[in-house]
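Residue-level structure breakdown
Here is how the chains run, residue by residue.
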Amino acid sequence: MVGKLDEKARTLALASLPDWTPAGDPDGIRRRFTFADFNEAFGFMTRVALLAEKADHHPEWSNVYNRVDILLTTHDAGGLSRRDIDMAAAIDALLKH
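Scope of this entry: the structure provided in the associated data block. (Residues numbered from 1 in each chain as written. Predicted model: local features only at pLDDT ≥ 70, side-chain atom pairs only at ≥ 80, totals over all residues. Heavy atoms only, no water.)

A word on the environment of Arg10
By the element assignment, Arg10 lies in helix α1 (residues 7-15). A relative accessible area of 11% means that Arg10 is categorised as buried. The spacing of Arg10 and Leu80 is 70 residues in sequence and 7.8 Å in space, taken between C-alpha atoms. Once residues within four sequence positions are removed from consideration, Arg10 is found in contact with Lys4, Leu5, Asp27, Gly28 and Leu80. (Helix = DSSP H or I, 4+ residues; strand = E, 2+ residues; numbered from the N terminus. Buried < 20%, exposed > 50% of the residue type's maximum accessible area, 1.4 Å probe, protein only. Contact = heavy atoms within 4.5 Å.)

This is the structure in structure tokens:
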């Protein structure tokens, strides 16, 4: 089982993810992505869905036209865990390709 990050680990992890911000309820991190249009946003969501299935770690998210909002939290751990940090880094890497 993955545990919730302590404050030191959280601070270090978030420093490596400057575009993600802390979320309070539930405890996690969030980021808004904006794309040119719906097709681009939906394509991004499809790529994230494939990552999530492979990692067995699924985001809470919403999509409105060209915008995708993602919240990552580990419910089993009671908040932000290493799984969330790893998923955020993998999602960010999708944008670099």
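Let's pick the thread back up.
Here's the deal with the sheet that holds strand β1 (residues 21-23)
If you walk across this open sheet you meet the four strands as β1-β2-β4-β3, and the pairing is antiparallel. With partners counted over all chains shown, the strands left at the sheet margins are β1 and β3 (60-64), one partner each. For this sheet, the mean inter-axis angle between neighbouring strands, taken without regard to orientation, is 25°. When strand β2 (residues 28-34) meets strand β4 (residues 67-72), the two strands line up antiparallel, connected through six bridges. Bridge pairing in β4 places Arg31 opposite Ile70. With respect to the sheet, helix α3 (residues 82-95) is in contact with β2 and β4, its orientation differing from that of β2 by roughly 15°. (Pairing = 2+ DSSP bridges. Axes fitted to C-alpha atoms, helices over the stretch in contact; angles between N-to-C directions.)

Overview of a nonpolar patch on the surface
The grouping of Phe38, Phe42, Val64 and Tyr65 at the surface amounts to a nonpolar patch, some 400 Å² of accessible area in total. Within the fold, Phe38 resides in helix α2 (residues 38-55). (Patch = residues over 30% accessible without salt bridge, like charges linked within 9 Å, V, L, I, M, F, W, Y side chains within 5 Å. Areas by Shrake-Rupley, 256 points an atom, 1.4 Å probe, with all protein chains shown as cover. Salt bridge = Lys/Arg side-chain N within 4 Å of Asp/Glu carboxyl O.)

Notes on the packing of α2 against α3
Where α2 contacts α3, the two axes come as close as 10 Å, and the packing angle between them is 145°. The handedness of the crossing between α2 and α3 comes out as right-handed. The segment α2 lies against α3, with Phe44, Arg47, Val48, Leu51, Ala52 and Ala55 engaging Arg83, Met87, Ala90, Ile91, Leu94 and Leu95. (Left-handed = near helix turned anticlockwise from the far one by under 90°.)

Some remarks on the packing of aromatic side chains
Aromatic rings considered in pairs are described by the distance between their centres and by the relative angle of their planes. Applying the stated criterion across every chain yields a total of four aromatic pairs. When the ring of Phe35 is compared with that of Phe44, the centres are 4.9 Å apart and the planes differ by 40°; the resulting orientation is tilted. Here Phe35 matches Phe44 in class, with each residue buried. One aromatic cluster is present, formed by Trp20, Phe33, Phe35 and Phe44 through successive ring pairs. (Phe/Tyr/Trp six-rings, centres within 6.5 Å; stacked < 30°, edge-to-face > 60°.)

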